[in-house]
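# Summary of the model geometry
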Amino acid sequence: MDISTAIKMLKSEYPDLIPVGYWDVGDGIVFNTNNPYNVRDVHIPAQFKVGNDGSVYGTNPVRSKLGSFKYSKL
């Protein structure tokens with residue numbers, strides 16, 4: 001999956017998130033994001049995965065095992 005397609009998929013699901021960087025993890029792309037809103041003190045995850053299967057969901061660095069992948073800034 002290319003980065004522009006993954007960004008479009010992320011933005012279609014979470015339009016207010018601002019992707020600031022990403023990890024290409026093979027089976028998808030994990031985005032590091034900024035969220036301009038805080039809703040009732042509930043924080044949404046800072047990382048979201050866009051899977052090659054079209055899934056988009058919140059994740060975290062431990063669950064996605066990001067330590068062995070290169071981080072790229074946008």
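Coordinates for the structure precede this section.
Rules and cut-offs
- Residues numbered from 1 in each chain as written.
- Predicted model: local features only at pLDDT ≥ 70, side-chain atom pairs only at ≥ 80, totals over all residues.
- Heavy atoms only, no water.
- Helix = DSSP H or I, 4+ residues; strand = E, 2+ residues; numbered from the N terminus.
- Buried < 20%, exposed > 50% of the residue type's maximum accessible area, 1.4 Å probe, protein only.
- Contact = heavy atoms within 4.5 Å.
- Core = buried A, V, L, I, M, F, W, Y, C linked by side-chain atoms within 4.5 Å.
- Pairing = 2+ DSSP bridges.
- Axes fitted to C-alpha atoms, helices over the stretch in contact; angles between N-to-C directions.

Counting through the fold element by element, Y14 comes out in the loop between α1 (3-13) and β1 (18-24). Under the relative-accessibility criterion, Y14 is labelled partly exposed at 28%. Beyond its immediate stretch of four places on either side in the chain, Y14 contacts F48 and V56.

Right, let's get into the side chain of S72. Mapped onto the elements, S72 comes out in strand β5 (residues 71-73). By relative accessible area, S72 is classed as buried at 18%. Setting aside residues up to four positions removed in sequence, S72 forms contacts with G21 and Y22.

Here we come to the nonpolar core. With nine residues, the main nonpolar core is built from A6, L10, L17, Y22, I29, F31, F48, V50 and V56. Where this core is concerned, the elements lending two or more residues are α1, β2 (28-34) and β3 (47-51).

In spatial order, the strands read β4-β3-β2-β1-β5; together these five strands make up an open sheet with antiparallel pairing. If you trace the sheet from one side to the other, it starts and ends with β4 (56-59) and β5, each paired once. The mean inter-strand angle of the sheet, taken between neighbouring strand axes irrespective of direction, is 30 degrees. Of the strand pairs in this sheet, β1 and β5 are connected by three bridges, and their pairing is antiparallel. The partner of G21 across the bridge, within β5, is K73. Here α1 sits on the sheet in contact with β1, β2, β3 and β4, set at roughly 55 degrees to β2.

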